[in-house]
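# Reading the structure
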Amino acid sequence: MTELLTETVVQEPHRIRGLEMPWNRVMGSTEGPASAARALGPWHPQEFMAECVEIVPEVGGMMTFVFRRSDGAPLAFRAGQYVSVAFPVNGEDQDPADRSYSLSSAPTKPWTFDITVKRDPTGLVSPWVHENIKPGTVLEMLGPVGAFHLPDADRRARYLLLAAGAGITPIMSMVRTIHSLPGEADVVVLYHGAAAEGFAFNKELAYIASVDSRIKVFYSLGDRGKPDDWEGLSGRLTAAMLDQVAPDANGRQVYACGPEGYLNTATELLGKVGVDDTSIHMEFFTGDRQTILEYQAELALAADIAEEIAEEIADSAEDYYESQPTAFGLYEPGYDAGGTLKATGLPLETSDPDGSGSDAADGGADVEQEAVTPDASSFETVGTGSLTLSFMRTGINVRVDPSEHILGPAQRAGVRIGANCKEGMCGSCKIVKLSGEVEMNHQGGIRAREIDAGKFLPCCSTAQTDMVIDA
């Protein structure tokens, strides 16, 4: 009699090399189906309204609020980024209090998104949020914002993710994102907390670590007392602890989030174990005045970009809809110069078949005053190099060498250009050249017809002649 084999051998899944975000491959594609995924691409920060649809209690004094955009569009962001939320803590007729919160959900599920808020009993906003935000609450938001995020594509995806306290929220977005995607990855999470029962998302992290061999999770109780049955690590972050959880830390990309003191210690210790500064990415949840000013500048730039994008969308509706999945009837957002419209649709207006409306009566565009072009020779000139870039909106001339990418010298000179990937993939730095020639080596972040229209990506372009740029 043949004996049945009762032992089940579970084989590791065959995976593609590295890790790639779902929008990365389609950003350079011209095929029809790719247009659907473009809607999920992390294009630009936008101002929008969002409705709370669910509340999930977390341990550690934290609460997760699940939102969806009121206009029905997905929220396209990168894992690790944050949104700025206007909370009417003093009433609807008073100025709101703006606060930034990391997105804790994965961008691979963009139709809803989460922010997780830790209650600070002495704070102004977080107690109000915990007590007042309910399903149905609608809030004004700006985002996504932030350069602390996973790359769009990583052929050698090896990460060390460090979190302390509420710093787990952007790290959780990264873990959820990696877990939801195919591809080879090697992820170590080290999560510091003050109490054994205070590790937010611990059940989900335990589940992910149990079913996804790519992700390992370690906990440490800091310097507080620990229960007798505690099986995790103990003590504050040390070089020995880093070496214990990730002996190969030198070679990993490190993402760390938490209080300022924790991150300062992490920076020092990572250097001791050989991690290069270029491989360390930090997100401060509390910080000094300089950090706060940097966040404010980041949000101000995001607001400017959001306003420009809203105007561009309103002026170029045809171009915008072409980039959306209208062919699939998935969603068709409404925009006007004031921003997004609710998903209930545009207001009804009486058409004027004779074309004799108020614009025509007033002369419309025919009576617009001729724009006055500034004289670049009067601009201040900064930098060194053989070529001159004249930024007309900023009113400055920047000297550059033909070998250096345009973005860096421009930003250092004060030209406000949003940029995320800085590798020619995301298209967030796209600007228009009015004259001159560039050599561009992009990776799908710009379309051929946009190049024909004079647009280029300064992050991956070098000037070949003197240039005049609309920025």
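For clarity, every value in this text was computed on a predicted model and none was experimentally measured. (Residues numbered from 1 in each chain as written. Predicted model: local features only at pLDDT ≥ 70, side-chain atom pairs only at ≥ 80, totals over all residues. Heavy atoms only, no water.)

### A look at the nonpolar core
Counting residues in each nonpolar core, the largest one holds 35 residues, and the members touching the most others are Tyr159, Leu161 and Ile171. Of all the secondary-structure elements, those providing two or more residues to this core are strand E9 (158–164), helix H3 (168–180), strand E10 (186–192), helix H4 (202–211), strand E11 (215–220) and strand E12 (253–258). Of all the elements, H3 adds the most residues to this core, at six residues. Look past the residues within four positions of Tyr159 in its chain and what remains in contact with it is Leu19, Leu150, Pro151, Asp154, Ile178, Asp186, Val187, Val188, Arg252, Gln253 and Tyr255. By size, the runner-up hydrophobic cluster in this structure holds 24 residues, among which are Val83, Val89, Leu103 and Ile115. (Core = buried A, V, L, I, M, F, W, Y, C linked by side-chain atoms within 4.5 Å. Buried < 20%, exposed > 50% of the residue type's maximum accessible area, 1.4 Å probe, protein only. Helix = DSSP H or I, 4+ residues; strand = E, 2+ residues; numbered from the N terminus. Contact = heavy atoms within 4.5 Å.)

### Observations regarding the packing of aromatic side chains
How two aromatic rings sit relative to each other is given by the distance of their centres and the angle of their planes. Per the stated rule, a full pass over the model turns up 10 aromatic pairs. Seen in terms of ring centroids, Tyr159 and Tyr255 are 5.9 Å apart; in terms of plane orientation they differ by 80°. Their pairing is edge-to-face. Pair noted here: Tyr159 is in strand E9 and Tyr255 is in strand E12, with a separation of 96 residues, a long-range link. Tyr159 gets classed as buried once you look at its relative accessible area, which sits at 1%. When its relative accessible area of 4% is taken as the criterion, Tyr255 is described as buried. Ring plane angle 40° and centroid distance 5.9 Å describe the contact between Tyr191 and Tyr219, whose orientation is recorded as tilted. Pair noted here: Tyr191 is in strand E10 and Tyr219 is in strand E11, with a separation of 28 residues, a long-range link. (Phe/Tyr/Trp six-rings, centres within 6.5 Å; stacked < 30°, edge-to-face > 60°.)

### Observations regarding a negative patch on the surface
Residues Glu47, Asp98, Glu140, Glu307 and Glu308 make up a contiguous surface patch of negative charge. Checked against the element boundaries, Asp98 lands in strand E5 (residues 97–102). (Patch = residues over 30% accessible without salt bridge, like charges linked within 9 Å, V, L, I, M, F, W, Y side chains within 5 Å. Areas by Shrake-Rupley, 256 points an atom, 1.4 Å probe, with all protein chains shown as cover. Salt bridge = Lys/Arg side-chain N within 4 Å of Asp/Glu carboxyl O. Lys, Arg positive; Asp, Glu negative; His and termini not counted. Charge placed at Lys NZ, Arg CZ, Asp CG, Glu CD.)

### A short note on H3
Taking 1.5 Å per residue, 13 residues should reach 18 Å; H3 reaches 18 Å between its end C-alpha atoms and fits that length. Among the 13 residues of H3, 11 are classified as buried, and the element is accordingly described as predominantly covered. Within H3, burial applies to Ile168, Thr169, Pro170, Ile171, Met172, Ser173, Met174, Val175, Arg176, Thr177 and Ile178. (Expected span 1.5 Å × (residues − 1).)

### Let's talk about the sheet that holds E9
The strand order across the open sheet built from five strands is E11-E10-E9-E12-E13, with neighbouring strands paired in parallel fashion. Sheet topology places E11 and strand E13 (280–284) at the edges, where each strand pairs with a single neighbour. Across the sheet, the mean angle from the axis of one strand to that of its neighbour is 15°, orientation sign disregarded. Across the sheet, H4 touches E10 and E11, and the angle it forms with E11 is around 140°. The sheet contacts of helix H6 (residues 260–272) involve E9, E10, E12 and E13, and relative to E13 the element is tilted by about 170°. (Pairing = 2+ DSSP bridges. Axes fitted to C-alpha atoms, helices over the stretch in contact; angles between N-to-C directions.)

### Description of the sheet that holds strand E7 (residues 138–145)
The strand order E5-E4-E7-E2-E3-E6 describes an open sheet built from six strands, whose pairing is antiparallel. Of all strands in the sheet, those bounded by a partner on one side alone are E5 and strand E6 (113–118). Pairs of neighbouring strands in the sheet enclose a mean axial angle of 40°, with direction left out of account. Bridge count between strand E2 (residues 46–57) and strand E3 (residues 62–69): seven bridges; the pairing is antiparallel.

### Looking at the confidence of the model for the protein chain
Residue-level pLDDT values for the protein chain average 80, and 75% of them are 70 or greater. Below a pLDDT of 50 lies the segment residues 1–5, which in the model reaches zero contacts outside its immediate sequence neighbourhood of four places, other chains included. The low-confidence segment residues 320–371 (pLDDT under 50) makes 65 contacts with residues lying over four places distant or belonging to another chain. (pLDDT = per-residue confidence, 0-100.)

### Some thoughts on the side chain of Ser461
With respect to the helices and strands, Ser461 occurs in strand E22 (residues 461–463). In this structure Ser461 comes out as buried when scored by relative accessible area, which is 0%. A distance of 2.6 Å separates the side chain of Ser461 from the backbone oxygen of Leu457, its partner in a polar contact. With residues near it in sequence (within four places) discarded, Ser461 still touches Glu404, His405, Ile406, Val438, Glu439, Met440 and Phe456. (Polar contact = N/O pair within 3.5 Å; in protein donor to acceptor, adjacent residues only side chain to side chain.)

### Things to note about the pairing of E2
As paired strands, E2 and E7 are joined by six bridges and run antiparallel to one another. Looking at the pairing, Glu51 lines up with Val138 of E7. With antiparallel pairing between neighbouring strands as the criterion, E2 and E3 make up a hairpin whose turn holds four residues, including Gly60 at a positive phi of roughly 75°.

### Points about the environment of Gln244
As for its placement among the helices and strands, Gln244 is situated in helix H5 (residues 239–245). For the pair Gln244 and Leu233, spaced 11 residues apart in the sequence, the C-alpha separation amounts to 10.0 Å.

### A short note on the pattern of salt bridges
This model, assessed by the stated rule, comprises 11 salt bridges. For Asp71, the salt bridge is made with Arg69, and the minimal N-O distance between the two is 2.8 Å. Taking relative accessible area as the criterion, Asp71 reaches 6% and is therefore assigned buried. The shortest N-O distance in the salt bridge between Asp470 and Arg393 comes to 2.9 Å. Placement of the pair is Asp470 in strand E23 (residues 467–470) and Arg393 in the loop between strand E17 (387–391) and strand E18 (396–400), with a sequence separation of 77 residues. Judged by its relative accessible area of 56%, Arg393 is exposed. In the salt-bridge network here, residues are joined through shared partners; they are Arg158, Asp186, Asp248 and Arg252.

### Some words on unusual backbone geometry
That bond from Gly143 to Pro144 is cis: its omega, 0°, falls within 30 degrees of zero. When you line up the elements, Pro144 lands in strand E7. Unusually for a residue other than glycine, Phe201 sits at a positive phi of about 65°. Here Phe201 lies in the loop between E10 and H4. Assessed through its relative accessible area of 4%, Phe201 is described here as buried.

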